[in-house]
Amino acid sequence: MKKIVLAALLISSSLIAKEYIVDQKNKTFIPGVLNVKVGDTITFTNSDPLSHNAYTDDVGNEFDIGMQKKGVRKSVKIKKAGKFEIRCAIHPHMLIKVTATDK
Amino acid sequence: MQLFLLLFFTLSLYASEGEEIYKNACVSCHAIDGKSSNNLAFLVKPRKLSLTILRNQQSFAITKEGAHFWGAHSDIMPSFKYLLTDKQIHSVTDYISKTFNPNIEKKIAKLMQSSQQLTLLQRENRLQLGEKIFKKTCALCHGIKGDAKSEYVSASKENKTFIYPYNLTRTLLDEEQIFLYAKYGGLYWGTQKDNMQSWSSRYNDVALKSVAYYIQQKIKKLD
């Protein structure tokens, strides 16, 4: 019985979506590379005094969090597997390379 | 021969008048070498005249009307039209162009030549592509109408980072210059702040030329 419960727990924990925190600091996304699964969440925080943004045009995962002021948290959910980029529309060098896989 | 000497003498006087005016009116901000490396530079952040993208006639227009008239937020670069005659302004901008930035036309031509050329199809679609990119990225700072009124500018006052983008409806840059300014960024063209960054890592030449075309066609109100 214990083994069954343990196995169930292990399976369910692998199915639970994770949250990845990406900070925006010194005009850089930290981390700049993410390996996620479909259903996971990326939460953007902003430690810079100036405002930022995060968006992607990747088909199936499109989002644009709009202007993000310091201290504000905004989250998006990964909907589709694939490789894509997330950028800040205000600061051209800011980039995250994302690899999303199916669960 | 006499006519030649007279012409040479007149031109020399004209040039020296420009230099004289520059030393009296411009040096305090732009410095003797045009590189803005003086004591006031840290306060007023004047442009480095040795790197400016402006052509001679555009320098004349800026000097005459002041930078605010042409879209700058502030009037730190003031209008000189009440202090100097058109002839005097011409002489000083001639001096600036010849002394600090004599090869700007060649530089612009060379950079344009080495940039990616648009195909016929890309030329036909550039307005739509330019509009899309402008609204996605440029508008965040410059405003959807290009008039420098945006949520980001308002936020920068709240968080005291103070961003003052150009009012693009009034810019005197032409389409080629807008493209080159967006491609290489403000520092490359002599600003001392990195607010207008180089967009070459984000967009290719086709995209940036499309944005420049959109700004030229739909945003600029002065020509």
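A quick note: this is a predicted structure, and the numbers were derived from the prediction, not measured.

A.B. asks: I'd like a description of the pairing of strand β1 (residues 19–25) of chain A, backed by residues and values.
C.D. replies: Residues and elements named next belong to chain A. Judged from the 6 bridges that link them, β1 and strand β4 (residues 41–46) form a sheet pairing that is parallel. Residue pairing for β4: I21 is matched across the bridge by T43. Bridge analysis of β1 against strand β2 (residues 28–30) gives 3 bridges, and the strand direction is antiparallel. Following the sheet pairing, K25 is matched in β2 by T28. What sits between the antiparallel neighbours β1 and β2 is a turn of 2 residues, in which N26 has the positive phi angle 50°.

A.B. asks: Explain the nonpolar core to me, and be specific about the residues and the numbers.
C.D. replies: Grouped together as the largest cluster of nonpolar side chains are 33 residues, with contacts concentrated most on F134 and L180 of chain B. Looking at this core, the elements with two or more residues in it are α3 (56–65), α5 (104–114), α6 (120–142), α8 (175–184) and α9 (205–219) of chain B. With 7 residues, α9 of chain B is the single largest residue contributor to this core. Listed in part, the 25 residues of the second largest apolar core include F29, V36 and V98 of chain A together with Y152 of chain B.

A.B. asks: Give a description of the layout of surface pockets that names residues and reports values.
C.D. replies: What the second largest pocket holds in volume is close to 230 Å³. Along the wall of the second largest pocket there are 14 residues; nearest its centre are H73, D147, A148, P165 and N167 of chain B.

A.B. asks: Outline the confidence of the model for chain B, supporting the account with residue identities and numerical values.
C.D. replies: When the pLDDT values of chain B are averaged, the result is 90; 91% of them are 70 or greater. On the interface metric, ipTM, the complex scores 0.78, and its pTM is 0.86.

A.B. asks: I'd like to hear about the pairing of β4 of chain A, residue by residue, with values.
C.D. replies: All names here are of chain A. Across the 6 residues of β4, 6 count as buried, placing the element largely inside the fold. The side-chain alternation of β4 yields two buried faces, one formed by T41, T43 and T45 and the other by I42, F44 and N46. Sheet analysis places β4 next to strand β7 (residues 74–77), joined by 4 bridges and oriented antiparallel. Counted as the bridge partner of T43 is S75 from β7.

A.B. asks: Report on the interface of chain B and chain A, specifying residues and quantitative values.
C.D. replies: The partner chain A presents 15 residues to the 16 residues of chain B that form the contact. Taking both partners together, chain B and chain A bury about 1,600 Å²; carbon and sulfur atoms supply 55% of that area. Where chain B touches chain A, the interface holds 3 salt bridges. Where K136 of chain B meets D57 of chain A, a salt bridge forms, and the shortest distance between an N and an O atom there is 3.7 Å. One can count 5 residue pairs in polar contact (both at pLDDT 80 or more) joining chain B with chain A. Within the residue set of the side of chain B that touches chain A, elements represented by two or more residues are α6 and α7 (151–158) of chain B. Of the residues in the side of chain B that touches chain A, the class split is 6 nonpolar, 6 polar and 4 charged.

A.B. asks: Tell me what's going on with α7 of chain B, and back it up with residues and numbers.
C.D. replies: Residue and element names in this part refer to chain B. Y152, V153, A155 and S156 are the residues of α7 that are buried. Looking straight down α7, one finds its buried side chains confined to an arc of 160°; they lie on one side. Across from the buried face of α7, at angles greater than 90 degrees, the exposed residues are E151 and E158. Immediately downstream of α7, the backbone of K160 shows phi near 60°, a positive value.

A.B. asks: Can you tell me about unusual backbone geometry, naming the residues and giving the values?
C.D. replies: A cis amide bond links I30 of chain A with the next residue in sequence, P31 of chain A, at an omega value of 0°. Summarising the element assignment, P31 of chain A is placed in the loop between β2 and β3 (33–37). One non-glycine residue, A148 of chain B, lies in the positive phi region at around 70°. Relative to the helices and strands, A148 of chain B resides in the loop between α6 and α7. Of note, K160 of chain B is a non-glycine position whose phi angle comes to about 60°, a positive value. Relative to the helices and strands, K160 of chain B resides in the loop between α7 and α8.

About the thresholds
Residues numbered from 1 in each chain as written. Chains lettered and ligands numbered in written order. Predicted model: local features only at pLDDT ≥ 70, side-chain atom pairs only at ≥ 80, totals over all residues. Heavy atoms only, no water. Pairing = 2+ DSSP bridges. Helix = DSSP H or I, 4+ residues; strand = E, 2+ residues; numbered from the N terminus. Core = buried A, V, L, I, M, F, W, Y, C linked by side-chain atoms within 4.5 Å. Buried < 20%, exposed > 50% of the residue type's maximum accessible area, 1.4 Å probe, protein only. 1 Å grid on protein atoms, 1.4 Å probe; cavity = no way out; pocket = protein on both sides within 12 Å on 5 of 7 lines; lining within 4 Å. Points joined across faces, edges and corners; volume = space filled by probe spheres on them. pLDDT = per-residue confidence, 0-100. Contact = heavy atoms within 4.5 Å. Buried area = accessible area lost by both parts, 1.4 Å probe. Salt bridge = Lys/Arg side-chain N within 4 Å of Asp/Glu carboxyl O. Polar contact = N/O pair within 3.5 Å; in protein donor to acceptor, adjacent residues only side chain to side chain. Nonpolar A, V, L, I, M, F, W, Y, C, P; charged D, E, K, R; others polar. Arc of directions from axis to C-beta.

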